[in-house]
Amino acid sequence: MTNKELKPEEFNEYYGRYIYKLANNVSLIEGFKNGANQVQRFFESIPEHKHDFRYKTNKWSLKEILQHLIDTERIFIYRTFRIARNDKTALAGFNQDDYVLPSKASHKTMNQLLEEFKTGRNNSISILESLSSSDLETIGNSNGSPMSSRAAAFTIIGHDIWHMDVINERYL
C-alpha cells in the first residue's frame, strides 16, 4: 500500500500539508521504518546546546517538538487502528498545545525522548503489519471529517517531515 493510492476524499485537506510532504509512491510500512531512521538520525545530529532552544518566545523547544511528534503518532495510530476496526464513533480532535507542558519534555534528555520515539514507532509498525489492505482503506470520522485508516497513518510520517523542515528553517 502506497500514498499514491490515497484519494482526496480520504482525508481533510488540512492533513494534505503532511501527506503531500511524502515522496510519491511511499510504501506505508517502509515509510514508517525509513521515517524512524530519519527522525532518529536527524535529532541525534542536533548539538546538545540546541535541545532547549526556542527560535521565539512561546515557541516549542526542540525537545518539545520531538515530544509532539511522539504524542501525535500515538493519537494518529490510535485513529488508524479504530478506523481500521470499522469503529464508526466520531474521533475527537486534540489541541496540541495542551500536551506540551504536561509532557515535561524539557525535563527529559534527548536520548530518553528518542527511546520513547523508537518504542512508539515499533508499536505503530506492529499495528500496521496486523492490518490488511482493506482494513486500511476503511473510512471513519476523525476530527469532524472523513478519514481513512491509511490516511491517518500516512499523516504520521508526513508530519515528521513537516517538523524536521520547520526545525531546519527556524532552529538550526
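This text follows the structure it describes.
Heads up: these notes are all about the structure in this document.

1. Section: the side chain of R121
In step 1: Counting through the fold element by element, R121 comes out in helix α5 (residues 110-129).
In step 2: By relative accessible area, R121 is classed as buried at 1%.
In step 3: Excluding anything up to four places from it in sequence, R121 contacts F32, G35, A36, E73, I156, I157 and D160.

2. Looking at the packing of aromatic side chains
In step 1: Taken as a whole and assessed by the stated rule, the structure comprises nine aromatic pairs.
In step 2: Measuring from ring centre to ring centre gives 6.0 Å for Y14 and Y18, while their planes differ by 80°; the resulting arrangement is edge-to-face. Here Y14 and its partner Y18 are both found in helix α1 (residues 13-19), four residues apart, which amounts to about one turn of the helix.
In step 3: Between F94 and Y99, the ring centres sit 5.3 Å apart and the planes meet at 70°, which makes this aromatic pair edge-to-face.

3. With respect to the environment of E116
In step 1: Checked against the element boundaries, E116 lands in helix α5.
In step 2: Take E116: its relative accessible area is 19%, and that puts it in the buried class.
In step 3: C-alpha separation for the pair E116 and E5, spaced 111 residues apart in sequence, amounts to 31 Å.
In step 4: In this view, E116 contacts Q67, I70, R74 and K108; residues no more than four positions away in its chain are not counted.
In step 5: There is a polar contact of 3.2 Å between the side chain of E116 and the side chain of Q67.

Parameters and conventions
- Residues numbered from 1 in each chain as written.
- Predicted model: local features only at pLDDT ≥ 70, side-chain atom pairs only at ≥ 80, totals over all residues.
- Heavy atoms only, no water.
- Helix = DSSP H or I, 4+ residues; strand = E, 2+ residues; numbered from the N terminus.
- Buried < 20%, exposed > 50% of the residue type's maximum accessible area, 1.4 Å probe, protein only.
- Contact = heavy atoms within 4.5 Å.
- Phe/Tyr/Trp six-rings, centres within 6.5 Å; stacked < 30°, edge-to-face > 60°.
- Polar contact = N/O pair within 3.5 Å; in protein donor to acceptor, adjacent residues only side chain to side chain.

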